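Working through the structure, step by step
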Amino acid sequence: MQKITILGLGYIGLPTAITLADVGFAVTGFDTNKEVVNILNTGKIHIVEPGLADALRRAVSGGNLNFSYSLNESDVFYIAVPTPFFTDKGRISADLSYVKSAGEMVAKVIREGNLVILESTVPPRTTEQLAEIIAKESGLSEDKFLVAHCPERVIPGQMLRELKNNDRIVGGRSPEAGEMAKAIYEKVLEKGKVHLTNDLTAEMCKLTENTFRDINIAYANELSIICDELGIDVFELISLANCHPRVNILNPGVGVGGHCIAVDPWFIYEQFPEEAKLIYAARLRNDSKPRYVADRVEDAVSGKKKPVIGVLGLSYKPDVDDLRESPSIELCHELQKRGFEVLACEPFVQGDISSVKNRTLSEVVSSSDFIVITLAHTLFKENKALIATKPYYDCVGLMRKG
Ligand SMILES: NC(=O)c1ccc[n+]([C@@H]2O[C@H](COP(=O)([O-])OP(=O)(O)OC[C@H]3O[C@@H](n4cnc5c(N)ncnc54)[C@H](O)[C@@H]3O)[C@@H](O)[C@H]2O)c1
């Protein structure tokens, strides 16, 4: 039985650890955040993901999964650490500090023949840099250990199912690394297939997928603005256009959020600013949508004295608690900047969020003069009649009939 250690026990690392333990690997989960390890050691989970708490209990009681504060020797190391971006003097860059530090940690315990799999989403050539860091810090030459990049494509809310059913891109730094990683993924996959390639193509593949979605959503967001001008329903328009067998336009919203689609296009743009003009324009279009929605709110409440604005949904997509890069929070801040009092309802998070008051749905509806619907959380779908008691701007088509 191969020993696998997962570095990073967040939205990706934890379900991955559980899934690997389920198929018989001896898995240790390691996280630099001791609080995370503490919670997991009590049998609880620190993120919202359907079925994950039960799956964790099963995996731990099966004896194949444990969590540790220290990183020890292993046959395989998975790296699933954050890769956000930062802006410095107007230039956007990937923050690879977590990947680098994970590489340095692995270097302290790696042995000849071990495999390192980078699952984090990264800019082109990061896997190569990771291999160089491990070689430099461990003293092992690069041909003495194996490195592969296997980007993760699961969607929050359906992680456990998708980890088994999605196809996997496995990019080996060497054919041997690719084959060894492929053998592990094939033990986990039920419907999904493994596609072997090199690490650079695998890195670009993940970025290409999310950038495609970002551009498609930017188109939908642009259409929503044009439809507002025309006075027609963008959701009807898109569903009619999608009747064409070769058209598939995604839905508009209050922008684009989350750790992936709103971030990954920048990883291409930062290295290719001259070439990536369409990618850049799409990012700007999506990032500008919260300001556009704030304009619509201002128009709608003009003349009212000190109107209170209710915002329904602060996470970045329906029925999850993930607030990263959330355009709804951006909208709230924009409205606050313009002098409005903002009340929000985010049922998946306890307490106020980033200086925005978070209240129950009925409190928000009853206290607001105008409502912005930013997410189709199930709670909101089930309470359309309550929401309709106030005037609203619906970014996501929640209140449409049918
Ligand atoms: N969340 C998603 O839906 C999703 C989907 C596909 C790909 N990804 C990619 O997967 C990667 C991880 O994302 P996530 O959502 O799981 O992040 P996350 O923030 O939920 O979890 C990352 C964890 O890594 C820990 N960590 C940081 N440095 C560490 C280190 N050196 N050693 C051990 N642990 C460390 C953090 O404490 C945190 O608990 C990112 O690159 C992301 O872009 C995420």
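As a starting point, this report considers the structure included with it.

How each quantity is defined
- Residues numbered from 1 in each chain as written.
- Predicted model: local features only at pLDDT ≥ 70, side-chain atom pairs only at ≥ 80, totals over all residues.
- Heavy atoms only, no water.
- Phe/Tyr/Trp six-rings, centres within 6.5 Å; stacked < 30°, edge-to-face > 60°.
- Helix = DSSP H or I, 4+ residues; strand = E, 2+ residues; numbered from the N terminus.
- Lys NZ or Arg CZ within 6 Å of the ring centre and 35° of its normal.
- 1 Å grid on protein atoms, 1.4 Å probe; cavity = no way out; pocket = protein on both sides within 12 Å on 5 of 7 lines; lining within 4 Å.
- Points joined across faces, edges and corners; volume = space filled by probe spheres on them.
- Nonpolar A, V, L, I, M, F, W, Y, C, P; charged D, E, K, R; others polar.
- Pairing = 2+ DSSP bridges.
- Patch = residues over 30% accessible without salt bridge, like charges linked within 9 Å, V, L, I, M, F, W, Y side chains within 5 Å.
- Areas by Shrake-Rupley, 256 points an atom, 1.4 Å probe, with all protein chains shown as cover.
- Salt bridge = Lys/Arg side-chain N within 4 Å of Asp/Glu carboxyl O.
- Near = heavy atom within 4 Å.
- Polar contact = N/O pair within 3.5 Å; in protein donor to acceptor, adjacent residues only side chain to side chain.
- Domains from an automatic or database assignment.

1. Some thoughts on the packing of aromatic side chains
Throughout the structure, instances matching the rule amount to 5 aromatic pairs. Look at Tyr 269 and Tyr 280: their rings are 4.5 Å apart centre to centre, the planes differ by 10 degrees, and that puts the pair in the stacked class. Of the two residues, Tyr 269 is situated in helix α10 (residues 264-269) and Tyr 280 in helix α11 (residues 277-301); the sequence distance between them amounts to 11 residues. Here the aromatic residues Phe 85, Trp 266, Tyr 269 and Tyr 280 are joined through ring pairs into a cluster of three or more. Above the face of the Phe 25 ring, Lys 187 is positioned so that its terminal group lies 5.0 Å from the ring centre.

2. Topic: the layout of surface pockets
Each pocket or cavity is described by its volume, and for the second largest pocket that value is around 230 Å³. Asp 228, Asp 233, Val 234, Phe 235 and Asp 394 are, among the 15 residues lining the second largest pocket, the residues nearest its centre. Mapped by element, the contributors of at least two residues to the lining of the second largest pocket are α8 (199-230), α9 (234-241) and β15 (392-394). Within the lining of the second largest pocket, the residues separate by chemical class into 8 nonpolar, 2 polar and 5 charged.

3. Structural notes on the sheet that holds strand β12 (residues 341-345)
Read from one edge of the open sheet, 5 strands run β13-β12-β11-β14-β15, paired in parallel fashion. Sheet topology places β13 (357-358) and β15 at the edges, where each strand pairs with a single neighbour. One ladder, built from 4 bridges, connects strand β11 (residues 308-312) with strand β14 (residues 370-373); its direction is parallel. Paired with Gly 310 across the two strands is Ile 371, which belongs to β14.

4. Quick notes on a nonpolar patch on the surface
A contiguous nonpolar surface patch, about 360 Å² in accessible area, is contributed by Ile 226, Leu 230, Ile 232 and Leu 237. Here Ile 226 lies in helix α8.

5. Description of the site of the ligand
The local shell around the ligand holds 27 residues, among which Ile 12, Asp 31, Thr 83, Thr 121 and Arg 324 are the closest. Within the contact set of the ligand, a nitrogen atom lies 3.3 Å away from a side-chain nitrogen or oxygen of Ser 101. Contact distances for the ligand include 2.9 Å between an oxygen atom and a backbone N or O atom of Thr 121. When isolated, the ligand has an accessible area of 830 Å², and the protein chains bury 91% of it. Among the elements that take part in the shell around the ligand, helix α4 (residues 97-109) stands out by supplying 4 residues, more than any other. Each residue belonging to the shell around the ligand can be placed in one class, and the counts come to 14 nonpolar, 9 polar and 4 charged. Here the shell around the ligand spans two domains, and each of domain 1 (3-192) and domain 2 (233-394) adds at least three residues to it.

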